[in-house]
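Observations on chain architecture
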Amino acid sequence: MGGDGGREEALSLFETKEARGRVAYKLFSSTIFMGICLIWFYRLINIPRSGEEGRWAWIGLFVAEFWFGLYWIITQSVRWNVVYRYPFKERLLHRYGDKLPRVDIFVCTADHIMEPPTLVINTVLSVMSYNYPPEKISVYLSDDEGSELTFYALLEASNFSKHWIPFCKKFMMEPRSPAAYFAQHTEPHDTKYAQEWLSIKKLYESMKNRIDSVVEMGCISKEMRDQHKGFLEWNSKVTKWDHQSIVQIIIDGRNTAAVDNDGCRLPTLVYVAREKRPQWPHNFKAGAMNALIRVSSEISNGAIILNVDCDMYSNNPDAIQEALCFFMDEERGHEISYVQFPQNFCNITENDVYSNATVVFNKVIVHKHDLRLCFFVFKNTKLFMGTDICFLMLVMKIEVPGIDGYGTVFYLMIIFMDLQKGLIYGCSVEDVITGLAIQCRGWKSVWYNPGKEAFLGVAPTTLDQALIQYMRWSEGMFQIFLSKYCPFLYGHGKIKLAAQMGYCVYLLWAPISLPTLYYVIVPPLCLLRGIPLFPENGDKKRLHFFIRQSYWDVTNPNSSRVGSQGLQNSPCRVFNVTAFSNFESKTLVKLKQFHTN
Ligand SMILES: O=c1ccn([C@@H]2O[C@H](COP(=O)(O)OP(=O)(O)O[C@H]3O[C@H](CO)[C@@H](O)[C@H](O)[C@H]3O)[C@@H](O)[C@H]2O)c(=O)[nH]1
Ligand SMILES: [Mn+2]
């Protein structure tokens, strides 16, 4: 290799590729834009005069179409220059091998009924067994309920991890959530492997049964309590809303005696229930995350943070390495503050009736601007700390080798001054607002959607769950649009106009429901009363063509790039009233014929 050393150094740790067919897409969308203008024009010049029937329905339709068209224009900001990222983890390992930074992994849970402890520990086990030096990983479970049941489950998981981690690494098996693994794989044929496989499976199942029965009982027996001093924290006064802070280091990775069954070091594992008092706002996940940032800085102080929800297990054991390629790239790494992976789900049904798969958002929209902050890997814990600047500088220099130390510290100081509070409170989508705030401070971010999904979560499976989920998201995002964080105001002069518009694709999700409702209610009523709202075939055929084309796109803002997949899976599927509008114009013709006969 010798002579190649210099060249190897010059190679970037990640590559950015432009999507193919961009020119074709631009041409295509220009024709759609013309179509939209024609629709607007058609509506405006054909408004029935005052006194004529259908005047208000017609004006309402113009407003609805105007709004659809505007929204379509906003979505173009994220479709014109789509790019894809490709990290090179082999280069990372070759270059940084034993100098990789420490990573703190935050897992959040809040309710042992909605998020059963077995689900939580499966996520914890999956992130404990990353292909990454275990002594450099620290996993923090934030339990906002402060439940001893979850604490008990975590103790069980820590014992099981001593078998599970070496098993995963020995046989290079995936995924590393035991529940997901055993659900996907049957007993192997190889006898030696099969033996180990069966014994691990038995261990897992007996652990799961123990946890499930404790959860069912709702309390911890005296014998179990006596096994760990941590249970002393739970006295009769501890409730979900009112308790002191509880921090228990279950595995201390700093201790060289903390090893698995193969004698390899174990990752640090910490249980955290932040203090909660009824009179203090707890700020939901953002509050939990900020508490974790403080706690972790005292224990492991990793340079990188990875955050997952407790129902999102890691599906790719190399995800940390891949994310690090972005942070540690010599040329651009210093300006990247977070890497975000898409939210994918493991329980999507064939028809995905609640549109959980968000294929278009993941595959197209967010690729353009690296927008949303959801499962993120922050560069440097100290971004959010309120103390100890010197310590902060020191940590950076040691922890992120290869990146220009001086420049990095300089960046951190600025961020430190600005974002003292950490994740931003007061909004149910704290990730979006915090991501925007970080970008507006000059940082870049990366949206990375690897071929193999990096994290898999649990999507809502019933209508009420789905409605609550979408309502919370759309409400939270619209709230941002109406607040001082509106990207057009807050981001003005700080991020590009296209990026501001890109955020609004999300933030204007809720209000688009109004024209949609109008569109599904008023035209059928007009249809019944024989009021024409759409041009007929015949002399206006050309215009009709444009209108139909454009309607298709206007009413499906997410589908044009990914075709039918988009139609099926778009989170904005509610806009899909195309079939309806085409149906209506044809039916109207028939209905009119019927009337005239
Ligand atoms: O008081 C709380 C409430 C929630 N959580 C945790 O926060 C996570 C997300 O909450 P959830 O109710 O599951 O919200 P979702 O809408 O499913 O979460 C999505 O949307 C959120 C807001 O955009 C993001 O923070 C999440 O990462 C993303 O998965 C879960 O792990 C919860 O346990 C807490 O820690 N404390
Ligand atoms: Mn969730």
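Residues numbered from 1 in each chain as written. Chains lettered and ligands numbered in written order. Predicted model: local features only at pLDDT ≥ 70, side-chain atom pairs only at ≥ 80, totals over all residues. Heavy atoms only, no water.

Another point: the overall build of the protein chain. Scanning the protein chain from terminus to terminus reveals 22 helices and 13 strands. Taking as baseline every contact in the protein chain between residues at least 6 positions apart, the subset at least 24 positions apart corresponds to 80%. Counting only carbon and sulfur atoms, one obtains 59% of the accessible surface of the protein chain, whose full area is about 26,900 Å². (Helix = DSSP H or I, 4+ residues; strand = E, 2+ residues; numbered from the N terminus. Contact = heavy atoms within 4.5 Å. Areas by Shrake-Rupley, 256 points an atom, 1.4 Å probe, with all protein chains shown as cover.)

Below, the discussion takes up the UniProt feature "transmembrane region" (unreviewed entry) in the protein chain. According to UniProt, the feature "transmembrane region" (unreviewed entry) maps to residues 23-44 and 56-74 in the numbering used here. Note that residues 23-44 is 100% helix and 0% strand, and that its end C-alpha atoms are spaced 32 Å apart. The span residues 56-74 is 100% helical and 0% strand by assignment, and the distance between its end C-alpha atoms comes to 27 Å. (UniProt positions renumbered as here; feature names shortened; annotations may be inferred.)

Across the sheet, which stays open at both edges, the three strands sit in the order β8-β13-β10 with mixed pairing between neighbours. With partners counted over all chains shown, the strands left at the sheet margins are β8 (313-314) and β10 (344-345), one partner each. Pairing of β8 with strand β13 (residues 455-457), which is carried by two bridges, proceeds in the antiparallel orientation. Bridge pairing in β13 links Ser314 to Phe455. (Pairing = 2+ DSSP bridges.)

What follows deals with the UniProt feature "binding site: UDP-alpha-D-glucose" (unreviewed entry) in the protein chain. Per the UniProt record, "binding site: UDP-alpha-D-glucose" (unreviewed entry) is found at Glu115 and Asp144. These annotated residues cover 30 residues of sequence, but their C-alpha atoms sit close together, with the largest distance between any two at 11.5 Å. There is a polar contact of 2.9 Å between the side chain of Glu115 and the side chain of Thr109. Looking at the secondary structure, you find Asp144 in the loop between β4 (137-143) and α6 (148-171). Taking relative accessible area as the criterion, Asp144 reaches 7% and is therefore assigned buried. Not counting chain neighbours up to four residues away, the residues in contact with Asp144 comprise Thr109, Ala110, Lys240, His243, Arg274, Lys276, Phe284 and Ala288. (Polar contact = N/O pair within 3.5 Å; in protein donor to acceptor, adjacent residues only side chain to side chain. Buried < 20%, exposed > 50% of the residue type's maximum accessible area, 1.4 Å probe, protein only.)

What follows concerns the site of ligand 1. In the vicinity of ligand 1, 21 residues are found, and the nearest of them are Asp144, Asp309, Glu430, Gln469 and Arg472. Protein coverage of the free-state accessible area of ligand 1, which is 680 Å², stands at 87%. Those elements that place two or more of their residues in the shell around ligand 1 are β3 (103-109), α10 (284-299), α15 (430-440) and α16 (463-482). Partitioning the shell around ligand 1 into residue classes produces eight nonpolar, five polar and eight charged. (Near = heavy atom within 4 Å. Nonpolar A, V, L, I, M, F, W, Y, C, P; charged D, E, K, R; others polar.)

Counting across every chain of the model gives 32 aromatic pairs. Here the aromatic rings of Phe160 and Trp164 are separated by 5.7 Å at their centres, their planes lie at 20°, and the arrangement is stacked. Remark: Trp164 and Phe160 occur in helix α6; sequence separation between them is four residues, near one turn of the helix. Residue class for Phe160 comes out buried when judged on its relative accessible area of 4%. Judged by centre distance (5.8 Å) and plane angle (50°), the rings of Phe160 and Tyr204 are tilted. Taken as a pair, Phe160 in helix α6 and Tyr204 in helix α8 (residues 191-217) lie far apart in primary sequence, 44 residues in all. The positively charged end of Lys17 is found above the aromatic ring belonging to Tyr86, 5.1 Å away from the centroid. (Phe/Tyr/Trp six-rings, centres within 6.5 Å; stacked < 30°, edge-to-face > 60°. Lys NZ or Arg CZ within 6 Å of the ring centre and 35° of its normal.)

A few words now on the nonpolar core. Counting 76 residues, the largest nonpolar core has Ile105, Tyr130 and Trp164 as the members making the most contacts within it. Residues in contact with Trp164, not counting those within four places in the same chain, are Leu125, Ser129, Met173, Pro175, Arg176, Ser177, Pro178, Tyr181, Phe182 and Ile200. (Core = buried A, V, L, I, M, F, W, Y, C linked by side-chain atoms within 4.5 Å.)

Attention shifts here to the packing of helix α4 (residues 89-96) against helix α11 (residues 319-327). Across the interface, α4 lies against α11 with an axial gap of 9 Å and an inter-helix angle of 75°. By the angle between their directions, the pair α4 and α11 is classed as roughly perpendicular. Across the interface between the two elements, Lys89, Leu92 and Leu93 from α4 touch Gln321, Glu322, Leu324 and Cys325 from α11. In terms of residue class, the contact of α4 with α11 is built from four nonpolar, one polar and two charged. (Axes fitted to C-alpha atoms, helices over the stretch in contact; angles between N-to-C directions. Parallel < 35°, antiparallel > 145°, perpendicular 65-115°, else oblique.)

Right, let's get into α6. In a regular helix each residue adds 1.5 Å, so 24 residues correspond to 34 Å; α6 covers 34 Å between its end C-alpha atoms and thus fits that length. Most pronounced at Ser161, the bend in α6 amounts to some 45°. Residue Ser147 occupies the N-cap position of α6, its side-chain oxygen lying 3.1 Å from the main-chain nitrogen of Leu149. Two residues or fewer past α6, Met172 is found with a positive phi of approximately 50°. (Expected span 1.5 Å × (residues − 1). Bend = angle between axes of the 7 residues up to and from the residue.)

Let us look at the environment of Phe66. Mapping Phe66 onto the fold places it in helix α3 (residues 55-76). With a relative accessible area of 36%, Phe66 lands in the partly exposed category. On a C-alpha basis, the gap between Phe66 and Arg43 in space is 9.6 Å, while along the polypeptide they are 23 residues apart.

Okay, unusual backbone geometry next. In most cases, non-glycine residues show a negative phi, while peptide bonds are predominantly trans. Here the bond from Glu174 into Pro175 is cis, since omega is -10°, no more than 30 degrees from zero. By the element assignment, Pro175 lies in the loop between α6 and α7 (178-184). Positive phi, normally seen in glycine, also occurs at Asn301, with a value near 55°. Mapped onto the elements, Asn301 comes out in the loop between α10 and β7 (304-309).

One pass over the full model with this rule turns up 22 salt bridges. Residues Asp144 and Arg274 are paired through a salt bridge, measuring 2.8 Å at the closest nitrogen-oxygen approach. Here Asp144, found in the loop between β4 and α6, pairs with Arg274, found in the loop between β6 (268-273) and α10; they are 130 residues apart in sequence, far enough to count as distant. Arg274 sits in the buried class, given a relative accessible area of 12%. Across the salt bridge formed by Arg332 and Glu335, the nearest N and O atoms sit 3.5 Å from each other. Put simply, Lys89, Asp318 and Glu322 are held in one network by salt bridges that share partners. (Salt bridge = Lys/Arg side-chain N within 4 Å of Asp/Glu carboxyl O.)

A cluster of nonpolar side chains, Leu514, Leu517, Val520, Ile521, Leu525 and Leu528, forms an exposed patch at the surface whose accessible area comes to about 600 Å². Looking at where Leu528 falls in the secondary structure, it is placed in helix α19 (residues 513-529). We classify Leu528 as exposed; its relative accessible area is 68%. (Patch = residues over 30% accessible without salt bridge, like charges linked within 9 Å, V, L, I, M, F, W, Y side chains within 5 Å.)

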